[in-house]
Structures are given as C-alpha cells and as structure tokens.
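# Analysis of the macromolecular model
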Amino acid sequence: MAPPPVQPNGQASRNIPFSTHARGVPLFDRGRFFDLPRNAALALLDLRDISSALFWFLSCQTWLTLWSFLITLISVVFFTYYTYGGGKSLAADLDWVLLCSVAVLPAVGFLLIAYLRRERCLGELARAKVLMMSLFTAHRDWVPDAQRPEGHMEAVQEALATTTDAMRAYFTPMRFYSRYYPYMGSKAAMVHIALERTRQMRRIHEGMETLQAAATALHSIPLSPALVAQLHDRTLQLQLSIEQMANVKEFRTPQGVRSLTRFYLVLFLPIFFGPYWAWVSQQTNFGFSFFFSILLQWAVVGLVNTTIALEDPFDNNGMDGIFMDEALHEVDQLVGMPPGWGDEAEHAQHAAQQQQLVTAGHPAGPAAGQLQAPAAGVAVIGRAATAGLGKLPAPPPVTDVV
C-alpha cells in the first residue's frame, strides 16, 4: 500500500470529510432493501413498539379519564337523541380547525410547559453534579498534600456528602399538592412538609458554607488568588443550581391554570362538542360517533394526565421523571464517604418515612407542628459552617386545621 502523499510542510495530507447524506441525499444501501432477516427483525421491533405504545397510552389514563368518559357519554347520547319543536335536532356541523384549536393545542401547550420545566431541571442537575465533582478534584489536586491544612479534604468530603444526602431527602419525596388540590385536612401535612424542607435546605446551606470556609482556608498557603476565587465561584454556582431546582420542586404551574385545564377539557369540551358528535351520528351511525368521541377525549385527557405527572419531575413517579439518586450516587462514588458517615439504612428509612408522610396528604410519624430529629448518622459539619446559624425555632402548634 502506497503511503499518503506528503505536503510541503512535512505533514501527510488527508481527504476532506464531506457528507452528502447530512445534506439530504439518501443512502442507497442495497442491504436496506434486500436483507430480508434484518427487515423482518425491524418489522417485529416496530410491532413491539406499537404494542408498547398502547400499553403506555393506557397507563396515562387515571380516574380523571373515567369522569371524562361518563360526561362524554351523556353528552353524545343527549345531543344525538334529544329533539325539540317538532323533531328538530341539536346537531351542528363544527369545523375541525375549531376542534383542534380549542382542544388539542391547549393540551399540547400545557404539556410543553411541563416538559420544558423537566428539561431545565435536567440541565441544572447535570450542572450541580459537575460542579460538585470539580470542587472535590480542585481541592484534591490544586494543593499538595504537605501544604494542605489538616483535615481539609475530610471537611470537603463531609460537606459534599451532606449536600448530596440532603438533596435526596429534599427532592425525592412527592408533594401531594403537585397533583391534587389541597383540600380540608391537609394543612397540617403541608406545615410538616415546610418544616422538613427548611431542615434539609439548612443542611445544604451548611454544606455550602463549609465549602466556602475550605476555600477561604487556602488563602494561607501559596495558591493563586485566581484559583481560590474559582473555588468560591463554583460553590456559589452550585448553590444557585440547587436553589433553581428547589424552585421547580416547590413552585409549579399555577393551581388556577391546572384547575381551569381540568374543568375546560373534562367538563366543557365534551358538552361543547356534543352537537358535533350528534351531526357525525346523523351522517354515519351512533356507534362510530360514540367511539370517535371517546378516543379523542381519551387522547386529550391523556395529555393532561401526562402533564400533571411531570409537575414534580423529581418524585420518580411519572414515566419521564428524574431519578435524583442515580446522579448523586455517581458523585458519592467519586467523592467517597468520609469516615464515620451515617449508615445507609438509616437514610433509607428516613426517606421511606417522608414518602409515607406525603403519599396520603396527612402527617405520619411525629405530630404535625413538631420538627423531627435528625437521623443518628447525620453529623453536624464544620464549625465554620454552623457558626451563627443557631437552632431552628420551634413551630407554633397547629390547632386550626381547616
């Protein structure tokens, strides 16, 4: 094989990569048309995907679908068979453009808003994960072991471990008011959730202050001030990412918007389009009109159910939720747990208690209005981090649960 030609500068020349397929020219691969086993396997895979799509379509349905089905059934039957003034019908031929603009577009737009919130959380989670890893490696590699203050790396490890553990405890439990309106009897549970949120956010802030104190301690060694400033900036950016994810966790799409969407798509839409389905029944038959209306209503309500499932992207109950523990586990593997860190079984038990608390929307375990004590394995970190914070004030007793 002849060697590649050599350019005047002594470097071997190479062909310029150029793709016609990326510019819209199809690839005429003979195997794509004549490879029968491959085409048969692809056909079976498509059939499997269709069956899986049917399964997930049914999984998107909730009790909201049942109520929508009953309202649609009553509306179609009433407008089809009711007559007035000597046999006049209420049937009306409505435009499909009107149907799509008032039914499909609002549901798709509502789903797009929830999807963008999830994508924003994925970006902030990836950013927080990279920042925590970079903070650990910077403290480890930028300073030689002989010049590093005593216990410096242990304090950084403990701060990051506290932060990841508090993020699990805060983001994972489901908030019942993210799916349902908080009716009577849920005030005590919401107070308890607020107290637990305060506790976990304080642990995160303690971890951030320990990281800031660790960066400040490096001023006493011959380290570039620009590098120390980078450590402070990375800690600030990490705290900002966590706060932005916390805003998504606590503040969702407005309750009024969700209530209006439920009312509009479940009650108003089947009644408004009842005359149209009556007209379809006159043009074809009642069976076709009925099943057509049910399928359309199922699709619209399925979009609403999917949107509501994405309201809290961190609870891992929706089909496309964010599994926070998986990303934080990778950080723990790199950082490593400091000696004496809490037992994993205790943290798992604490998370299970919080999940039980918010599932039914009522306080479980400690009485509402009492702050639960930390798990035995949760250590108080860094004198520099906890100085001046004081103790969390005891909440007032909850006596008026309305």
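The coordinates are above.
Residues numbered from 1 in each chain as written. Predicted model: local features only at pLDDT ≥ 70, side-chain atom pairs only at ≥ 80, totals over all residues. Heavy atoms only, no water.

## Focus on the pattern of salt bridges
Using the criterion set out here, one finds eleven salt bridges in the structure. The partner of D332 in a salt bridge is R168, with the nearest N and O atoms 2.4 Å apart. Of this pair, D332 sits in helix α11 (residues 324-335) while R168 sits in helix α5 (residues 152-171), and the two are 164 residues apart along the sequence. For the residue pair D332 and R168, the accessibility class agrees, reading buried in each case. Between R197 and E250 there is a salt bridge, with the nearest N and O atoms lying 3.8 Å from each other. You can see R197 sitting in helix α6 (residues 187-217) and its partner E250 sitting in helix α7 (residues 225-250), a full 53 residues away along the chain. The class for R197 is partly exposed, based on a relative accessible area of 26%. Through salt bridges that share partners, R168, D325 and D332 make up one connected network. (Salt bridge = Lys/Arg side-chain N within 4 Å of Asp/Glu carboxyl O. Helix = DSSP H or I, 4+ residues; strand = E, 2+ residues; numbered from the N terminus. Buried < 20%, exposed > 50% of the residue type's maximum accessible area, 1.4 Å probe, protein only.)

## Quick word on helix α10 (residues 286-309)
Its 24 residues give α10 an end-to-end C-alpha distance of 34 Å, which sits within 8% of 34 Å, the value for a rise of 1.5 Å per residue. Of the residues flanking the start of α10, the one acting as N-cap is N285, its side-chain oxygen 3.2 Å from the backbone nitrogen of G287. (Expected span 1.5 Å × (residues − 1). Polar contact = N/O pair within 3.5 Å; in protein donor to acceptor, adjacent residues only side chain to side chain.)

## Focus: a nonpolar patch on the surface
A cluster of nonpolar side chains, L98, F263, L267, F268, I271 and F272, forms an exposed patch at the surface whose accessible area comes to about 490 Å². For the nonpolar patch, the element with the highest residue contribution is helix α8 (residues 255-272), accounting for five residues. Structurally, the position occupied by I271 is in helix α8. (Patch = residues over 30% accessible without salt bridge, like charges linked within 9 Å, V, L, I, M, F, W, Y side chains within 5 Å. Areas by Shrake-Rupley, 256 points an atom, 1.4 Å probe, with all protein chains shown as cover.)

## So, the packing of α5 against α11
Running from amino to carboxyl end, α5 crosses α11 at an angle of 170°, the nearest separation of the two axes being 10 Å. With respect to their mutual orientation, α5 and α11 come out roughly antiparallel. Facing α5, whose interface residues are Q157, L160, T164, M167, R168 and F171, α11 presents M324, D325, L328, H329, V331, D332 and V335. (Axes fitted to C-alpha atoms, helices over the stretch in contact; angles between N-to-C directions. Parallel < 35°, antiparallel > 145°, perpendicular 65-115°, else oblique. Contact = heavy atoms within 4.5 Å.)

## Quick word on the packing of helix α3 (residues 63-81) against α10
Taken N-terminus to C-terminus, the directions of α3 and α10 make an angle of 150°; their axes are 10 Å apart at the nearest point. With respect to α10, the axis of α3 lies roughly antiparallel. The hand of the α3/α10 crossing is right-handed. In this structure, α3 contributes L64, T65, S68, F69, T72, L73, V76, V77, T80 and Y81 to the contact, and α10 contributes F286, S289, F290, S293, I294, Q297, W298, V301, V304 and N305. Looking at side-chain class alone, the contact of α3 with α10 contains twelve nonpolar, eight polar and no charged residues. (Left-handed = near helix turned anticlockwise from the far one by under 90°. Nonpolar A, V, L, I, M, F, W, Y, C, P; charged D, E, K, R; others polar.)

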